[in-house]
Amino acid sequence: LNALSLEEIQTLARKVALCEFRKGELILRQGDAGNSMFFIFEGSLDIQIPKENGKKISVANLWPGDCVGEMSMLTGEPRSADVLAMSDVVLLQVTQDNCKAHC
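A brief report on the enclosed structure follows. All of these numbers come straight from a predicted model, not from anything done at the bench.

**Quick look at the overall build of the protein chain**
When its secondary structure is counted, the protein chain shows three helices and eight strands. Relative to a compact globule of 103 residues, whose C-alpha radius of gyration would be 13 Å, the protein chain shows 14 Å and is just as compact. The proportion of buried residues among the 103 residues of the protein chain is 35%. Here the analysis covers contacts within the protein chain between residues at least 6 apart in sequence; of these, 75% occur between residues at least 24 apart. When the accessible surface of the protein chain is totalled, it reaches about 6500 Å², and 51% of it is carbon and sulfur. Mean positive and mean negative side-chain charge positions of the protein chain (10 and 14 charges, respectively) differ by 5 Å.

**So, the pattern of salt bridges**
Using the criterion set out here, one finds two salt bridges in the structure. In this structure, Arg22 engages Asp88 in a salt bridge whose closest nitrogen and oxygen atoms are separated by 3.2 Å. Placement of Arg22 in the loop between strand 1 (17-21) and strand 2 (26-28) and of Asp88 in the loop between strand 7 (82-85) and strand 8 (89-95) is noted, with a sequence separation of 66 residues between them. Among the residues examined, Arg22 registers a relative accessible area of 55% and is labelled exposed. In this structure Asp88 comes out as partly exposed when scored by relative accessible area, which is 43%. With a closest N to O distance of 2.6 Å, Asp82 and Lys56 form a salt bridge. Residue Asp82 is located in strand 7, and its partner Lys56 is located in strand 5 (residues 56-62); the two are separated by 26 residues in the primary sequence. On the basis of relative accessibility, which here comes to 9%, the residue Asp82 falls in the buried class.

**Re the side chain of Gln48**
By the secondary structure assignment, Gln48 is in strand 4 (residues 45-50). Non-local contacts of Gln48, meaning those with residues more than four positions away in its chain, are made with Lys56, Ile57, Ser58, Ala81, Asp82 and Leu84.

**Quick word on the sheet that holds strand 7**
Strand pairing in a sheet relies on backbone hydrogen bonds, with the paired strands running either antiparallel or parallel. Pairing is antiparallel in the open sheet, where four strands are placed in the order 2-7-4-5. Looking at the sheet topology across the chains shown, the edges are occupied by strand 2 and strand 5. This sheet shows a mean twist of 35 degrees between the axes of neighbouring strands, independent of strand direction. Note: strand 2 against strand 7, two bridges, orientation antiparallel. By the bridge assignment for strand 7, Leu28 is matched with Val83.

**Brief notes about the sheet that holds strand 1**
Overall, antiparallel pairing links the four strands, which are arranged 1-8-3-6 in an open sheet. Of all the strands in the sheet, the pair left with one neighbour each is strand 1 and strand 6 (67-68).

**Focus: the pairing of strand 3 (residues 36-42)**
Within strand 3, five of the seven residues are buried, leaving the element largely enclosed by the surrounding structure. The sheet contact formed by strand 3 and strand 8 spans six bridges and is antiparallel. Bridge pairing links Met37 to Val94 in strand 8. The pairing of strand 3 with strand 6 spans two bridges and is antiparallel. Within the sheet, the bridge partner assigned to Phe39 lies in strand 6 and is Cys67.

The rules behind each value
- Residues numbered from 1 in each chain as written.
- Predicted model: local features only at pLDDT ≥ 70, side-chain atom pairs only at ≥ 80, totals over all residues.
- Heavy atoms only, no water.
- Helix = DSSP H or I, 4+ residues; strand = E, 2+ residues; numbered from the N terminus.
- Rg over C-alpha atoms; globule rule 2.2 N^0.38 Å.
- Buried < 20%, exposed > 50% of the residue type's maximum accessible area, 1.4 Å probe, protein only.
- Contact = heavy atoms within 4.5 Å.
- Areas by Shrake-Rupley, 256 points an atom, 1.4 Å probe, with all protein chains shown as cover.
- Lys, Arg positive; Asp, Glu negative; His and termini not counted.
- Charge placed at Lys NZ, Arg CZ, Asp CG, Glu CD.
- Salt bridge = Lys/Arg side-chain N within 4 Å of Asp/Glu carboxyl O.
- Pairing = 2+ DSSP bridges.
- Axes fitted to C-alpha atoms, helices over the stretch in contact; angles between N-to-C directions.

Following this line, the structure appears as structure tokens:
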């Protein structure tokens, strides 16, 4: 968001969706299409990818101020990992359409 002007941030703020998830909920699934990204407002997320044996391993934890899903939104590639809520979370969702129209 540092690259945006105050006016652009204010315009984008009117277009974001507030999303709430409970602890343990799957927020993003690896392989799904991604046309949005999320900024963590409250809570924490666990990023998981599968090992060769199919079991999931945690590769990162994200906290308020971090974002997730931006690479799929920007490149059009499928989601590269599962994202689970480690606690109850509040996320701000920005869609690809909103970003193109206002960024």
